[in-house]
2 protein chains.
Amino acid sequence: MQLDEAKSKFIEGWGTLGSAWGVSRTMAQVHALLLVSPGALSTEDLMEQLQISRGNANMNVRALMDWGIVRKELRPGERREFFSAEKDIHRVATLILKERRKRELEPIMRVLSEIKQVEPTPGATSEETESFTKMIDSIHSFAEFADGAASTLIKADENWFLSTFMKLMRPSQ
Amino acid sequence: MQLDEAKSKFIEGWGTLGSAWGVSRTMAQVHALLLVSPGALSTEDLMEQLQISRGNANMNVRALMDWGIVRKELRPGERREFFSAEKDIHRVATLILKERRKRELEPIMRVLSEIKQVEPTPGATSEETESFTKMIDSIHSFAEFADGAASTLIKADENWFLSTFMKLMRPSQ
DNA sequence: CTAAACTTTCAATAATAATTGAAACAATAT
DNA sequence: ATATTGTTTCAATTATTATTGAAAGTTTAG
């Protein structure tokens with residue numbers, strides 16, 4: 001396979017993966033393009049290679065910078081800005097995990113804590129109330145577990161992540 | 001807080017969480033409603049309590065059954081079908097993980113293997129080609145790691161998941 | 001077999017999310 | 001000061017995805 005074809009396939013595939021997560025297809029594609037480009041790219045490069053508008057390119061590149069997985073790169077004597085992706089894939093995974101934790105885990109934790117104390121309600125059997133609180137409790141403790149796991153991964157450095165954790169997870173395969 | 005209000009809040013919150021993942025809001029809400037209902041519900045119950053159409057209720061309940069987190073329950077002497085959610089939250093997490101692995105990890109793995117052999121391409125510097133294959137390799141091995149981790153979790157039983165893994169992840173908090 | 005009770009499908013419609021492109025804004029060089 | 005080169009914003013548009021509801025399909029009872 002030729003390099004260009006391989007790059008396109010990767011960008012397309014990464015875009016599809018993105019939509020399965022709550023990430024827009026284009027945002028994932030911009031990320032993919034930056035990942036497989038050895039040097040930094042300008043807004044124009046992004047527009048041309050992905051066939052998207054200037055506004056779109058700008059918005060997505062900014063979102064990626066918010067996530068911390070793309071950096072602005074300024075070149076001396078150059079007016080325009082260049083962008084490059086974090087190339088260390090473990091660090092990328094960590095940063096994405098962090099962002100998703102903030103966006104997804106935190107909101108549901110807030111809801112769960114809020115509804116944790118249900119009053120004995122007139123018109124509901126105690127069975128109903130108990131079944132509800134039991135369910136909420138178990139989701140709550142699971143969410144806390146997931147949150148803790150995410151924190152640990154976020155704090156863990158890449159080496160630990162790869163060597164220790166990997167051996168642990170696949171002891172016999 | 002009253003039981004009804006708490007239930008609504010939970011259903012709404014679970015729905016919001018769903019949209020952040022690639023799950024439709026209504027599918028997540030149907031799941032939430034079944035989770036907090038002590039008994040099984042009929043299609044009519046779902047329609048009424050979530051204010052959705054028959055077709056919508058049916059499609060989402062079927063999707064949840066495909067995921068394995070909702071079961072059909074037939075009552076002797078009753079024509080209509082009742083549905084109930086898997087209440088064990090660890091099992092729910094496992095089943096969701098399994099489904100997401102199939103839908104997300106597998107497609108990108110396919111793309112990655114396909115583009116792994118890039119020919120030395122005329123018109124591209126060897127630096128360019130090398131940088132590309134290096135990136136693909138590292139994503140590939142990371143994806144393999146994630147896939148292995150997912151398999152392990154899927155196979156692991158609930159007790160191990162809670163006791164061993166939890167202690168491991170949060171050794172000092 | 002036919003009616004009744006219920007489920008499933010799917011084309012049409014509505015709701016939501018992403019994208020464009022032009023205008024406003026900012027920075028630098030002359 | 002103003003022309004040039006670039007960035008950012010945002011209302012309008014387009015594309016995507018979810019939802020409806022009516023029709024077709026199933027199953028059981030009589």
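The rules we used
- Residues numbered from 1 in each chain as written.
- Chains lettered and ligands numbered in written order.
- Predicted model: local features only at pLDDT ≥ 70, side-chain atom pairs only at ≥ 80, totals over all residues.
- Least-squares fit on C-alpha atoms with pLDDT ≥ 70 in both.
- Contact = placed C-beta atoms within 7 Å.
- Near = placed C-beta within 6 Å.
- Helix = DSSP H or I, 4+ residues; strand = E, 2+ residues; numbered from the N terminus.
- Nonpolar A, V, L, I, M, F, W, Y, C, P; charged D, E, K, R; others polar.
- Pairing = 2+ DSSP bridges.
- Axes fitted to C-alpha atoms, helices over the stretch in contact; angles between N-to-C directions.
- Core = buried A, V, L, I, M, F, W, Y, C linked by C-beta atoms within 7 Å.
- Buried ≥ 20, exposed ≤ 12 C-beta atoms within 10 Å, placed from the backbone.
- Expected span 1.5 Å × (residues − 1).
- Bend = angle between axes of the 7 residues up to and from the residue.
- UniProt positions renumbered as here; feature names shortened; annotations may be inferred.

**Comments concerning the relation of the copies chain B and chain A**
In this structure, two copies of a chain are linked by a rotation about an axis accompanied by a shift along it.
At step 1: Placing chain B over chain A gives an RMSD of 0.1 Å and needs a rotation angle of 180°, together with 0.0 Å of translation along the axis. Put plainly, the chains are arranged around a two-fold axis.
At step 2: A shared interface surface links the copies, since 100% of the contact residues of chain B are contact residues in chain A too.

**Things to note about the protein's contact with DNA strand D**
At step 1: In the vicinity of DNA strand D, 18 residues are found, and the nearest of them are Gly55(A), Arg80(A), Thr26(B), Gly55(B) and Asn56(B).
At step 2: Looking at the surface near DNA strand D, the elements that each hand over two or more residues are α4 (54-67) of chain A together with α2 (25-36) and α4 (54-67) of chain B.
At step 3: Its residues placed into classes, the surface near DNA strand D shows 3 nonpolar, 9 polar and 6 charged.

**Quick notes on the sheet that holds strand β3 (residues 82-85) of chain B**
Residues and elements named next belong to chain B.
At step 1: The 3 strands lie next to each other as β1-β3-β2, forming an open sheet whose pairing is antiparallel. Strands with a single pairing partner mark the edges of an open sheet, and in this sheet they are β1 (41-42) and β2 (70-73).
At step 2: One ladder, built from 4 bridges, connects β2 with β3; its direction is antiparallel. The residue of β3 that forms the bridge with Val 70 is Ala 85.
At step 3: The strands that α2 touches are β1, β2 and β3; relative to β3, the one it contacts most, it runs at about 85°.

**A short note on the nonpolar core**
Across soluble globular proteins, you tend to see nonpolar side chains buried next to one another.
At step 1: Judged by nonpolar contacts, the single largest core of 33 residues is most densely connected at Phe10(B), Ala32(B) and Leu34(B).
At step 2: Elements that contribute at least two residues to this core include exactly α5 (89-114) and α6 (126-155) of chain A together with α1 (3-20), α2, α4 and β3 of chain B.
At step 3: Looking at which element gives the most residues to this core, the answer is α2(B), with 8 residues.
At step 4: Residues contacting Phe10(B), with those up to four places away along its chain left out, are Val111(A), Ile115(A), Ile136(A), Ala32(B) and Val36(B).
At step 5: Listed in part, the 32 residues of the second largest apolar core include Ile11(A), Leu33(A), Leu35(A) and Phe83(A).

**Overview of helix α6 (residues 126-155) of chain B**
At step 1: A rise of 1.5 Å per residue sets the reference length of α6(B), with its 30 residues, at 44 Å; its end C-alpha atoms lie 43 Å apart and thus fit the reference within 8%.
At step 2: Of all the residues in α6(B), the buried ones are Phe132(B), Ile136(B) and Ile139(B).
At step 3: Contact partners of the buried residues in α6(B): α1 (3-20), α2 (25-36) and α5 of chain A together with α5 (89-114) of chain B.

**Concerning the interface of chain B and chain A**
At step 1: Counting residues at the interface gives 50 residues for chain B and 50 residues for chain A.
At step 2: Contributing elements (two or more residues each) for the side of chain B that touches chain A: α1, α2, α5, α6 and α7 (158-169) of chain B.

**Details of α5(A)**
At step 1: Taking 1.5 Å as the rise per residue, α5(A) with 26 residues should run 38 Å; its terminal C-alpha atoms sit 37 Å apart, in good agreement.
At step 2: Of all the bends in α5(A), the greatest measures close to 35° and is centred on Arg101(A).
At step 3: Of the positions making up α5(A), those classed as buried are Val92(A), Thr94(A), Ile108(A), Val111(A) and Leu112(A).
At step 4: Tucked into the core, α5(A) has its buried residues touching α6 of chain A together with α1 of chain B.

**Here we look at the UniProt feature "domain: HTH marR-type" (unreviewed entry) in chain A**
At step 1: Residues annotated by UniProt as "domain: HTH marR-type" (unreviewed entry) correspond here to residues 22-81 of chain A.
At step 2: Taken as a whole, residues 22-81 of chain A contains 57% helix and 10% strand, while its terminal C-alpha atoms sit 27 Å from one another.

**Digging into the sheet that holds strand β3 (residues 82-85) of chain A**
Residue and element names in this part refer to chain A.
At step 1: Taken in spatial order, the 3 strands make up an open sheet running β1-β3-β2, and their pairing is antiparallel. In the strand order of this sheet, the two ends are held by β1 (41-42) and β2 (70-73), each with one partner.
At step 2: Both β1 and β3 contribute to a ladder of 2 bridges, which runs antiparallel. In the sheet register, Leu 41 faces β3, and the bridge partner there is Phe 83.
At step 3: Helix-sheet contacts for α2 involve β1, β2 and β3, and the interaxial angle to β3 is about 85°.

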